[in-house]
Amino acid sequence: MNKFEPVIGLEIHIHLSTESKIFCSCSTKFGNSPNSLTCPICLGLPGVLPVLNKKAFHYAIKSSLALNCQVSESITFDRKNYYYPDLPKNYQISQYGTPVGRNGFLKIKNRSSNPVKINRVHMEEDAGKLIHDQNGKISFVDLNRTGIPLIEIVTEPDIYSPDEAYDFLQELKITILYLEIADCNMEEGSLRCDANISLRKAGDKKLGTKIELKNMNTFKGIRQALEYEIQRQTILLEEGEKVTHQTRLWDPLKQKTTSMRSKEDIHDYRYFPDPDLLTYEISNKMRNKFKDELPELPMAKRERFKKDYFLSEYDADLLVRDKFIASYFEETLKFHINPKAVCNFLTSDMVGVAHEKKIKLSNIKLTPKNCGKILNLVKEGLISIKTAKELLFDLLNYDIDPEKYIEEKNLKQMNETSEIKNVIETACKENSQAVTDYKNGKNSALKFLVGQVMRLTKGTANPAMVNKLLNEKLNKEEGK
Amino acid sequence: MQISKEIVSHTGHLARLHLSDDELELYSSQLNKILEYIEKLKKIDITNIAPTFNVLNLKNVLRVDTVRPSLTSEEALKNAPDKQDNFFVVPKVY
Ligand SMILES: [Zn+2]
């Protein structure tokens, strides 16, 4: 048993997918040329007045509700003061005393009866981007990102392993994606996560000294950084040394954390109410309206899929992971009866083909009705599962009736005994050596002949029948 | 509470201000005078009064999420003491 137990808390920043910034009308577009999306407000010029973006406000309420938070009756904004060139005002407009949501929780894998506690969800503006000149003594500042609306989600120190941290982030991301309020794209920095971790003697109530971790750019990186820190701190503690409170940066190349050189007194932000922004009330009526509008969230959907469609945890998870696939699944079930068959067809075949053809899932033109029809054709033995996959490839981008399509393209499965027998004759004639090999006891020759028949019929022959008829023919001849 | 010269110096550092000894002296005495006045205010009973964040009698002032043209990068960088390739250039900070 481990002598030490890790206690982890996470802080997640997510860009809300609004068109314009949180307090001004500049675009939030990613990848524009430097400093081309700024205005006096987000540049922090004197005398300007920020006004809150309605959509950002609503999205923050939705996320708080989805994370089971108590939503504040009224909120205000505060100035978080720090001096850094990515922040032209020298303060960030954030929320301190009255976050949008408080005391929430999120159920995660293996902890459905003990969900991870969430401390708060609040709104703030993002800072700009700094690019450090590797050789010289200067940094380049791009303020396009300044003022993009963020929600910050802070968990309680209620996560007890790197795997749990990973599972939490996955569940949080899927939940936010279901709300359609953010794209959570880590590569573009629209989801960022910092962690804090301390170790304590197993069984202790009191928390150990906290280390803050930054610079993790993937969920995997977060898990690795936490694993590394557990190792590092365990060694320190076992040797009777103390862990000192500090911020450490994860280096994904060296796979280790290093202490951040920082002269700034951490947490000396001197928050105070921002007099430029007014109070925002969130009435019961408004809260209830948003609550009613929440979609079925991933955890609930997974449970329902398991119960209603007799799916395994694994299958339910695969389906629910993408909101589009989950709803496509249920739509297809209106036309085809077997949930497991639809699940497999979607999660392995359709997702695979879409990926291969570089089609976004939500842009698929094949309707659930036609998808159900394909599976019905397989069930009725009219096409093989192989043909079904080919249909998926051909029809994914079109609204075409698969029944008509197989008629036109002659893809119907060959089920007529006489027809198949004819092809078998041809195949055996063309490959007499394989026939001889089989008769001399080389069993693999049979497989080869089946393959030849399938080739001659362009894959439309019913493979079970080919096997059976070929066996009959070869063994009968042998008996002669 | 007394505002010592150390507190003024620390606050100055947070704002990246270099303060001379004379200035530290001056500002700590001025800040202490302000705090004395706050001490007076503290004697007023405000038990049942909600804090005033803003004197305007307005609530829920929101803007619709629409994009309007931004400044050009030339305009945005016009007052910058140093710039390069459409970036602001600043001394390297860790
Ligand atoms: Zn702006």
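Note that the structure is predicted; figures quoted are calculated from it, not measured. (Residues numbered from 1 in each chain as written. Chains lettered and ligands numbered in written order. Predicted model: local features only at pLDDT ≥ 70, side-chain atom pairs only at ≥ 80, totals over all residues. Heavy atoms only, no water.)

**Here's the deal with the domain arrangement of chain A**
Residue and element names in this part refer to chain A.
So, step 1. Per the domain assignment, the segments of chain A are domain 1 (4-286), domain 2 (296-408) and domain 3 (417-478).
So, step 2. Put simply, the middle of domain 1 and the middle of domain 2, counted by C-alpha atoms, are 37 Å apart.
So, step 3. Carbon and sulfur atoms make up 65% of the surface buried where domain 1 meets domain 2, a total of about 880 Å² over both sides.
So, step 4. The interface formed by domain 1 and domain 2 contains two salt bridges.
So, step 5. Between Glu171 and Arg302 there is a salt bridge, with the nearest N and O atoms lying 3.1 Å from each other. (Domains from an automatic or database assignment. Buried area = accessible area lost by both parts, 1.4 Å probe. Salt bridge = Lys/Arg side-chain N within 4 Å of Asp/Glu carboxyl O.)

**A closer look at the sheet that holds strand β11 (residues 149-155) of chain A**
All names here are of chain A.
So, step 1. On the basis of which strands lie adjacent, the open sheet formed by nine strands has the order β3-β7-β8-β11-β1-β12-β13-β14-β15 and mixed pairing. Looking at the sheet topology across the chains shown, the edges are occupied by β3 (70-71) and β15 (256-259).
So, step 2. Packing of helix α1 (residues 54-66) onto the sheet brings it into contact with β3, β7 (101-106), β8 (116-125) and β11, and relative to β8 it is tilted by some 175°.
So, step 3. Sheet strands touched by helix α3 (residues 219-238): β1 (4-15), β12 (191-201), β13 (211-216), β14 (246-251) and β15. Its angle to β12, the strand with the most contacts, is close to 25°. (Pairing = 2+ DSSP bridges. Helix = DSSP H or I, 4+ residues; strand = E, 2+ residues; numbered from the N terminus. Contact = heavy atoms within 4.5 Å. Axes fitted to C-alpha atoms, helices over the stretch in contact; angles between N-to-C directions.)

**Focus: the interface of chain A and chain B**
So, step 1. With 53 residues of chain A at the interface, the matching set in chain B holds 35 residues.
So, step 2. Looking at the side of chain A facing chain B, the largest losses of area belong to A:Ser25, A:Tyr83 and A:Leu278, adding up to 15% of the total buried there.
So, step 3. Counting every contact that joins chain A to chain B gives two salt bridges.
So, step 4. Where A:Glu281 meets B:Lys59, a salt bridge forms, and the shortest distance between an N and an O atom there is 3.4 Å.
So, step 5. Counting across the chain A and chain B interface gives 21 residue pairs in polar contact (both at pLDDT 80 or more).
So, step 6. Contributions of two or more residues to the side of chain A that touches chain B are made by β2 (52-53), α1, β9 (129-132), β10 (138-142) and β17 (280-281) of chain A. (Polar contact = N/O pair within 3.5 Å; in protein donor to acceptor, adjacent residues only side chain to side chain.)

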